[in-house]
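# Structural features, examined
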2 protein chains.
Amino acid sequence: MLTRIDHLGIAVKSLEEAIPMYEEAFGLSCENIEEVPSQKVKTAFFNVGGTHIELLEPTSDDSPIAKFIAKNGEGVHHVAFASDDVPGQLAQAKAAGIRLINEEPVVGAGGKQVAFLHPKSTRGVLTEFCSPGH
Amino acid sequence: MLTRIDHLGIAVKSLEEAIPMYEEAFGLSCENIEEVPSQKVKTAFFNVGGTHIELLEPTSDDSPIAKFIAKNGEGVHHVAFASDDVPGQLAQAKAAGIRLINEEPVVGAGGKQVAFLHPKSTRGVLTEFCSPGH
């Protein structure tokens, strides 16, 4: 079952410019900044009532986030739903005709199980299922 | 203060096609379908742990959602944060240099106070502040 929206991934050109906006204009606090070399991104997390905003800055021109920004500009990159059963959730989606990017969950930040669904089969929304918690 | 992510607005070409995806592939239940003539949209709501997914189908070619889809394709249209003080939240954002679409809150669905921030000043994310609850 999908239990909540775990986080929204938002592609930005520069954390240095984007973080102050979320802090000063929105009144949120940056909890954590982390570099994820495998994804070629630097991330910053903000908690809003239990759902996180995950800002994603590309650290290289061939980062998936750099390519996203080149094509679409800055904006919402993906929507992540927490599930109490990621493999079962993937199986249900696949049975309903959804194309999976990850057929099996992979280990993501904080040791979470994560898996992505292809946006071409989810009406333009790059969708992630992940295990709950940090 | 921003207390939570109230909803995500997602632009779709057809509720008839999108609703079964959210129900069958994601296991969510459609709570409500409503037409909003002033916005030229038909909306469908799904609850995920207290945050709502709001699917938006244009009912006319000159609907803002029709224009969004023509430009960007289907996908995330806006992110709405619940605030316990919408006018104060707008004032804080404006003081931090954010361009407001609504200088004052307007009355939205369910009698909520709602106001939009211009995506050009919020790094590509059309952002809404709204009063909490339904």
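To keep things clear, this report deals only with the structure shown in the data block. Being a predicted model, the structure only gives us computed values, none of them experimental.

Tallying secondary structure elements over chain A gives 3 helices and 8 strands in all. Going from N to C terminus, chain A has its helices and strands arranged as β-α-β-β-β-α-β-α-β-β-β. For a compact globule of 134 residues, the expected C-alpha radius of gyration is about 14 Å, and chain A comes in at 15 Å, within 12% of that figure. Buried positions account for 51% of the 134 residues belonging to chain A. As presented, chain A carries roughly 6,100 Å² of accessible surface, and 49% of it is formed by carbon and sulfur atoms.

Looking now at the interface of chain A and chain B. Listed per partner, the contact involves 38 residues of chain A and 38 residues of chain B. Both sides of the chain A and chain B interface together cover about 3,000 Å² of buried area, and 69% of this is carbon and sulfur. Area buried by chain A at its contact with chain B is led by Ala 25, Phe 26 and Arg 123 of chain A, which between them contribute 24% of it. The tally of links from chain A across to chain B stands at 4 salt bridges. The salt bridge partner of Glu 17 of chain B is Arg 123 of chain A, with a shortest N-O separation of 3.2 Å. The interface formed by chain A and chain B contains 10 residue pairs in polar contact (both at pLDDT 80 or more). Elements with a minimum of two residues in the side of chain A that touches chain B: β1 (2-11), α1 (15-25), β4 (51-58), β5 (75-83), α3 (86-95) and β8 (127-130) of chain A.

This paragraph deals with the nonpolar core. Among the nonpolar cores identified, the biggest contains 60 residues, and Phe 26, Ile 53 and Leu 55 of chain A together with Phe 26, Ile 53 and Leu 55 of chain B are the most heavily contacted of them. Dropping the residues within four chain positions of it, Leu 55 of chain A is found in contact with Ile 10, Val 12, Leu 15, Ala 18, Ile 19, Tyr 22, Lys 42, Thr 43, Ala 44 and Phe 46 of chain A.

Residue and element names in this part refer to chain B. Along the chain, Thr 43 falls in strand β3 (residues 41-48). Since its relative accessible area comes to 2%, Thr 43 is described here as buried. With sequence-adjacent residues up to four places away left out, Thr 43 is seen in contact with Leu 15, Asn 32, Ile 33, Glu 34, Val 36, Glu 54, Leu 55 and Leu 56.

The next point concerns the packing of aromatic side chains. For the structure on display, the rule yields 8 aromatic pairs over all chains. On the basis of an interplanar angle of 75° and a centroid distance of 5.6 Å, the ring pair of Phe 129 of chain A and Phe 26 of chain B is categorised as edge-to-face. Placement of the pair is Phe 129 of chain A in strand β8 and Phe 26 of chain B in the loop between α1 (15-25) and β2 (30-36), with the two residues belonging to separate chains. There is no split in this pair, since Phe 129 of chain A and Phe 26 of chain B are both buried. With a centroid separation of 5.1 Å and an interplanar angle of 75°, the aromatic rings of Tyr 22 of chain B and Phe 26 of chain B are classed as edge-to-face. Each member of the pair Tyr 22 of chain B and Phe 26 of chain B is classed as buried.

When chain A is fitted to chain B, the best match, at an RMSD of 0.0 Å, comes from turning it 180° and sliding it 0.0 Å along the axis. Such a combination of rotation and displacement between the chain copies is what one expects of a two-fold axis. Among all residues of chain A, the minimum C-alpha distance to the rotation axis is found for Val 76 of chain A, at 3.4 Å.

Reading the values: rules and limits
- Residues numbered from 1 in each chain as written.
- Chains lettered and ligands numbered in written order.
- Predicted model: local features only at pLDDT ≥ 70, side-chain atom pairs only at ≥ 80, totals over all residues.
- Heavy atoms only, no water.
- Helix = DSSP H or I, 4+ residues; strand = E, 2+ residues; numbered from the N terminus.
- Rg over C-alpha atoms; globule rule 2.2 N^0.38 Å.
- Buried < 20%, exposed > 50% of the residue type's maximum accessible area, 1.4 Å probe, protein only.
- Areas by Shrake-Rupley, 256 points an atom, 1.4 Å probe, with all protein chains shown as cover.
- Contact = heavy atoms within 4.5 Å.
- Buried area = accessible area lost by both parts, 1.4 Å probe.
- Salt bridge = Lys/Arg side-chain N within 4 Å of Asp/Glu carboxyl O.
- Polar contact = N/O pair within 3.5 Å; in protein donor to acceptor, adjacent residues only side chain to side chain.
- Core = buried A, V, L, I, M, F, W, Y, C linked by side-chain atoms within 4.5 Å.
- Phe/Tyr/Trp six-rings, centres within 6.5 Å; stacked < 30°, edge-to-face > 60°.
- Least-squares fit on C-alpha atoms with pLDDT ≥ 70 in both.

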